[in-house]
Amino acid sequence: MSIKEQTYIMIKPDGVQRGLVGPIISRFEARGFKLVALKLVHATPEHLQKHYEDLKEKSFFPGLIKYMASGPVVAMVWEGLDAVKTGRVMLGATNPLASAPGTIRGDYALAVGRNICHGSDSVDSAKKEIALWFPEGIVQYNTLLAPMIFE
Ligand code: IDP
Ligand code: MG
């Protein structure tokens, strides 16, 4: 487990439209994660098909691509201890009806096909997703906070 672990977190078009960009970013900041990349992107269906390549055989795939291409998303990379797994815990279960209150989906969403946010499911997929969404690279900078957040 590294304090430099990075995860790809994305606020989906419904999260942007519903004005939840601030609250979602706040949760990651307040938890102690460091923002190392961020942009607003209206992604093409082709780009989203690559992002969701593993799901291309699923019956909901065409609807998923249409939803994800319906408006801009906020693409982000967050860094910190166990960022991938902890990011997923903060998001909640895929189906918001099964997400615990206190999670993003558990607090803000009801339907699996409109679940507000994405988070990488493994360190390996985080690397792939970061490369796909940030081919220009992420931002390197130091903060003085690490000793206040990590032992
Ligand atoms: P995850 O986002 O929690 O990793 P995945 O299984 O990777 O969940 O599915 C990717 C996205 O596809 C989900 O976040 C959700 O938006 C959508 N999705 C998953 N299952 C369904 C479904 O049964 N119906 C409609 N959309 C679904
Ligand atoms: Mg997934």
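Residues numbered from 1 in each chain as written. Chains lettered and ligands numbered in written order. Predicted model: local features only at pLDDT ≥ 70, side-chain atom pairs only at ≥ 80, totals over all residues. Heavy atoms only, no water.

The protein is annotated in an unreviewed UniProt entry as Nucleoside diphosphate kinase from Sistotremastrum niveocremeum HHB9708. UniProt lists a comment for the protein under the heading Cofactor (unreviewed entry), and it reads "Mg(2+)". The annotation that UniProt attaches to the protein under Sequence similarities (unreviewed entry) is "Belongs to the NDK family." (UniProt positions renumbered as here; feature names shortened; annotations may be inferred.)

Q: Break down the overall build of the protein for me, with residues and values.
A: When helices and strands are tallied, the protein shows 8 helices and 4 strands. Ordered by position from N to C terminus, the α and β elements of the protein give β-α-α-β-α-α-β-α-α-β-α-α. Its C-alpha atoms give the protein a radius of gyration of 15 Å, near enough to 15 Å, the size a compact globule of 151 residues would have. Along the first, second and third principal axes, the C-alpha atoms of the protein reach 45 × 35 × 25 Å. (Helix = DSSP H or I, 4+ residues; strand = E, 2+ residues; numbered from the N terminus. Rg over C-alpha atoms; globule rule 2.2 N^0.38 Å.)

Q: A description of the site of ligand 1 should follow, citing residues and the corresponding values.
A: The full set of residues close to ligand 1 is Lys 12, Tyr 52, Leu 55, Phe 60, Leu 64, Arg 88, Thr 94, Arg 105, Val 112, Gly 113 and Asn 115. Between ligand 1 and the protein, one listed contact pairs an oxygen atom with a side-chain N or O atom of Asn 115 at 2.8 Å. Burial of ligand 1 by the surrounding chains reaches 73%, relative to a free accessible area of 520 Å². Across the shell around ligand 1, the residue classes break down as 5 nonpolar, 3 polar and 3 charged. (Near = heavy atom within 4 Å. Polar contact = N/O pair within 3.5 Å; in protein donor to acceptor, adjacent residues only side chain to side chain. Areas by Shrake-Rupley, 256 points an atom, 1.4 Å probe, with all protein chains shown as cover. Nonpolar A, V, L, I, M, F, W, Y, C, P; charged D, E, K, R; others polar.)

Q: Before we move on, could you go through the nonpolar core and cite the residues and values that matter?
A: Counting 19 residues, the largest nonpolar core has Tyr 8, Leu 48, Met 68, Trp 133 and Phe 134 as its most contacted members. Of all the elements in the fold, those that place two or more residues in this core are strand E1 (6-11), strand E2 (34-41), helix H4 (61-68), strand E3 (73-79) and helix H7 (123-133). Top element by residues in this core is H4. It accounts for 5 residues. (Core = buried A, V, L, I, M, F, W, Y, C linked by side-chain atoms within 4.5 Å. Buried < 20%, exposed > 50% of the residue type's maximum accessible area, 1.4 Å probe, protein only.)

Q: Lay out the UniProt feature "binding site: ATP" (unreviewed entry) in the protein in plain terms, naming residues and giving numbers.
A: Sites flagged by UniProt as "binding site: ATP" (unreviewed entry) map to Lys 12, Phe 60, Arg 88, Thr 94, Arg 105 and Asn 115. With respect to the helices, strands and loops of the structure, Arg 88 is situated in helix H5 (residues 83-91). The residue Thr 94 is located in the loop between H5 and helix H6 (104-108) in this model. Apart from the residues lying within four places of it in its own chain, the contact partners of Thr 94 are Arg 105, Val 112 and Asn 115. (Contact = heavy atoms within 4.5 Å.)

Q: Let's hear about the UniProt feature "active site" (unreviewed entry) in the protein: which residues, and what values?
A: Sites flagged by UniProt as "active site" (unreviewed entry) map to His 118. Its place among the elements puts His 118 in strand E4 (residues 117-119). Residues in contact with His 118, not counting those within four places in the same chain, are Tyr 8, Ile 9, Met 10, Lys 12, His 51, Tyr 52, Leu 91, Arg 105 and Glu 129.

Q: Quick one: what's the story with the packing of helix H2 (residues 21-31) against H5, residue by residue and with numbers?
A: Geometrically, a packed helix pair is captured by the angle between its two axes and the distance between the axes. Axis separation between H2 and H5 bottoms out at 12 Å; the angle between their running directions is 135°. Comparing their axes, H5 and H2 come out oblique. Seen along the crossing, H2 lies across H5 with a hand that is right-handed. Here Arg 27, Phe 28 and Arg 31 of H2 lie close against H5, whose contacting residues are Thr 86, Gly 87, Met 90 and Leu 91. Residue classes in the contact of H2 with H5 are distributed as 3 nonpolar, 2 polar and 2 charged. (Axes fitted to C-alpha atoms, helices over the stretch in contact; angles between N-to-C directions. Parallel < 35°, antiparallel > 145°, perpendicular 65-115°, else oblique. Left-handed = near helix turned anticlockwise from the far one by under 90°.)

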